[in-house]
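Observations on chain architecture
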Amino acid sequence: MLPPETRSRILGAVDDAFDAQVEFTRALIAEPSLRGAERSVQDLLHAAMEERGLSVDRWTLNIDDLRDHPGFGPVTVSYENADNIVGSYTPATVHGRSLIINGHVDVVPTGPEAQWSRSPWEPAIVDGWLYGRGSGDMKAGHAAGLFAFDAVRAAGFQPTAPIHIQSVVEEESTGNGSLSALLRGYTADAAVILEPEENMLVRANVGVIWFRVRVAGRPTHPREMSTGFNAIDAAYAVIAELRQLEERWNATRFEHPHFGDLDHPINFNIGGITGGDWPSSVPAWCEVDVRASFFPGISADTAWAEIEDCLQQAAGRPELAGSVPTAERTGFYSEGYVLDPASDAEKVLAAAHKESVGAPLETFTTPGYLDARVFSLYGDMPALVYGPRSEAIHGYDERVDLESVRAVTKTIALFIAEWCGIEERDV
Ligand SMILES: [Zn+2]
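So, here's what we can say about the structure. (Residues numbered from 1 in each chain as written. Predicted model: local features only at pLDDT ≥ 70, side-chain atom pairs only at ≥ 80, totals over all residues. Heavy atoms only, no water.)

With respect to unusual backbone geometry
The criterion, for reference: By the criteria applied, helices consist of DSSP H or I runs no shorter than four residues and strands consist of E runs no shorter than two, each listed in order from the N terminus.
Cis geometry is adopted by the peptide bond preceding Met-138, which originates at Asp-137 and carries an omega value of -10°. A positive phi angle is found at Glu-170, which is not glycine, with a value near 70°. Assignment of secondary structure puts Glu-170 in the loop between strand 7 (163–168) and helix 6 (176–183).

Structure below.
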């Protein structure tokens, strides 16, 4: 355990730089880093890492390097602008445990901007909340990792183990960004991801699959509508069949540790629907985009096989007239995970959290996707997902609570010092 004087120097350094941290976070939010447009925000992070003297590795994701990995998510967009960045700190002397601090820069679509109180790309602070798309998910956390690292050094210390600060893309659609960093060779004794987790640690999360179902209809003139068959009506029947599978999976939640207390942990989201050519033809086609989830411990292949069976079943419904819907995978093909409660990393985080927040670290289960699965399932690293309080992530007026960002930054600064070890900095 670090001496109290050391800890208070580090905590003070977080406070001293907090205004600069908020400014940097605002600059990140002002870059609309939607999928396929992450390059400008990565430029900011690249410069920030260089300013700190980190050695920067930047590369564009290459699907050919990833596609044979079991955790790869199929890609439907160009990776032309999909750059990952890792800033590495190499200590003068090594006698601690190495660390990866991972954050993603991609943000989700805004929806109709008129529904926001102000532009999602104009960060504003109101009553202690910082607003903007990506504020909570997860630019505040991403900046917190960098400034936590700064605080240790500003307090007059230097870490005594390697630290890799990763800035990745594709967390919201495939998880291929973190996967690419792992396959490039980045590993450590622990990984920390500062996602918006209500000042708690994630104990378990679900696996996620994205897919697109296509239903073929038989087009006719509506005057003889009964001789055709309507692909959009049929798509509703397919959705009804998928809802039944969702309920069957939810019914097994008591068999999955950490999920029994949740009402409805498995959620199939119908995220998009397109079909038909115009009003005066019975539609010949309809496509439905789906995000499905499944419990940890179940392989993605098993979940996918059940989904395909379900689509086969749907063909038996009268609305489909025997036509079998087809499905292709369009993104995430990721398994869930449970964080082992016995790791030293968790103990160090819990102690750091207790000091910065003044209360014990709580854990919880989140029914969403997290890049932590890359580290835990394929890199054999404890991956701690922990971060600030937020509201309306993926919704309108997304916001993050700045005091909780400050507390999280303090936790991570103490965590770095304790986990990696520190020595007085050479001046
Ligand atoms: Zn996120």
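Next comes the rest of the account.
Examining the sheet that holds strand 11 (residues 269–275)
Think of a sheet as strands paired side by side through backbone hydrogen bonds, with each pair either parallel or antiparallel. Short version of the rule: Strands are labelled as partners when DSSP assigns at least two bridges between them. Convention adopted: a line fitted to C-alpha atoms gives each axis, helices being fitted over their contacting stretch, and angles between N-to-C directions are expressed from 0 to 180 degrees. Whether two residues touch is decided by their heavy atoms; if any such pair falls within 4.5 Å, the residues are in contact.
Strand order in the open sheet made by the four strands is 11-12-10-13, with antiparallel pairing throughout. Edge positions in the open sheet fall to strand 11 and strand 13 (326–334), since each of these has one partner strand only. Geometrically, the sheet is characterised by an average inter-axis angle of 15° between neighbouring strands, direction not taken into account. Of the pairings in the sheet, the one linking strand 10 (residues 207–216) to strand 12 (residues 285–294) comprises 10 bridges and is antiparallel in character. Bridged to Gly-207 within strand 12 is Phe-294. Contacts between helix 7 (residues 231–251) and the sheet are confined to strand 10, strand 11 and strand 12, with strand 12 contributing the most and set at about 10° to the helix.

With respect to the coordination of the zinc ion
Note the following rule: Distances define the donors: N, O and S atoms within 2.8 Å of the metal qualify, as do those within 3.2 Å of Na, K or Ca. Water is excluded, so some sites may look unfinished. By the criteria applied here, four donors are tetrahedral when all angles lie between 85 and 135 degrees, four are square planar and six octahedral when opposite donors are over 155 degrees apart and every other angle lies between 65 and 115, and any other arrangement is irregular. Exposure is judged per residue with a 1.4 Å probe applied to protein chains only, and the accessible area is read against the type maximum: over 50% gives exposed, under 20% gives buried, and values in between give partly exposed.
Within the protein, the atoms that donate to the zinc ion are His-104 (NE2), Asp-137 (OD), Glu-195 (OE) and Glu-195 (OE), at distances of 1.8 to 2.7 Å. Around the zinc ion, the four donor atoms sit at angles spanning 52 to 147°, and that spread fits a shape best called irregular. Look at where the donors of the zinc ion fall in the sequence and you get H-x32-D-x57-E. You can see His-104 sitting in strand 3 (residues 99–104) and its partner Asp-137 sitting in helix 5 (residues 135–154), a full 33 residues away along the chain. According to the relative accessible area criterion, Asp-137 is buried, its value standing at 6%.

Description of helix 3 (residues 39–51)
Since one α-helical turn is 3.6 residues long, residues separated by three or four positions face the same way. For the record, the criterion: For a helix, the expected span equals 1.5 Å multiplied by the residue count minus one. What the arc measures is the spread of directions leading from the helix axis to the C-beta atoms.
Look at helix 3: 18 Å from first C-alpha to last across 13 residues, which is about the 18 Å you get at 1.5 Å a residue. Listing the buried residues of helix 3 in full gives Val-41, Gln-42, Leu-45, His-46, Ala-48 and Met-49. Seen along its axis, helix 3 keeps its buried residues to an arc of 165°; they face one direction. Considering only its buried residues, helix 3 is in contact with helix 2 (18–29), strand 1 (55–60), strand 2 (83–89), helix 5 and strand 7. Two residues or fewer after helix 3 comes Gly-53, characterised by a positive phi angle close to 75°.

A few points about the side chain of His-256
Inspection of the secondary structure puts His-256 in the loop between helix 7 and strand 11. When its relative accessible area of 13% is taken as the criterion, His-256 is described as buried. Not counting residues up to four positions away in its chain, the partners in contact with His-256 are Phe-295, Pro-296 and Ile-298.

Concerning helix 8 (residues 300–314)
If you check helix 8, its first and last C-alpha atoms are 21 Å apart, about what 15 residues at 1.5 Å a residue would give, namely 21 Å. Of all the positions in helix 8, only Ala-300, Ala-303, Trp-304, Ile-307, Cys-310, Leu-311 and Ala-314 are classed as buried. The arc enclosing the buried residues of helix 8, seen along the axis, measures out at 115°, which places them on a common side. Within helix 8, the exposed residues directed more than 90 degrees away from the buried face are Asp-301, Asp-309 and Gln-313. Check the buried side of helix 8 and you find it contacts strand 10, helix 7, strand 12 and strand 13.

Focus on the layout of surface pockets
Test applied: The pocket and cavity definitions rest on a 1 Å grid over protein atoms only: a 1.4 Å probe that fits but cannot leave marks a cavity, an open set with protein on both sides within 12 Å along at least five of seven lines marks a pocket, and residues lining either have an atom within 4 Å of a point. Grid points are joined across faces, edges and corners, and a volume is the space filled by probe spheres set on the points. Just so you know the grouping, Ala, Val, Leu, Ile, Met, Phe, Trp, Tyr, Cys and Pro go in nonpolar, Asp, Glu, Lys and Arg go in charged, and all remaining residues, Gly too, go in polar. Where each domain begins and ends follows an automated or database-derived domain assignment.
Roughly 1,000 Å³ of volume is contained in the largest pocket. Where the lining of the largest pocket is concerned, the elements lending two or more residues are strand 10, strand 11, strand 12, strand 13 and strand 15 (363–366). In terms of residue count, strand 10 provides more of the lining of the largest pocket than any other element does, four residues in total. Of the residues assigned to the lining of the largest pocket, the class counts are 16 nonpolar, 11 polar and 11 charged. Looking at the lining of the largest pocket, you find at least three residues from each of domain 1 (4–205 + 337–424) and domain 2 (207–334).

Things to note about the nonpolar core
Spelled out, the test is: Residues belong to a common nonpolar core when they are buried Ala, Val, Leu, Ile, Met, Phe, Trp, Tyr or Cys residues joined through side-chain atoms within 4.5 Å.
In this structure, Leu-99, Ile-307, Phe-415 and Ile-416 are the most contacted members of the largest nonpolar core, which totals 115 residues. Looking at which domains feed residues into this core, each of domain 1 (4–205 + 337–424) and domain 2 (207–334) supplies at least three. When residues no more than four places from it in sequence are discounted, the contact partners of Phe-415 are Leu-99, Val-192, Ala-345, Val-348, Leu-349, Ala-352, Leu-384 and Cys-420. Val-22, Ile-29, Ala-140 and Val-400 belong to the second-largest nonpolar core, a separate cluster that totals eight residues.

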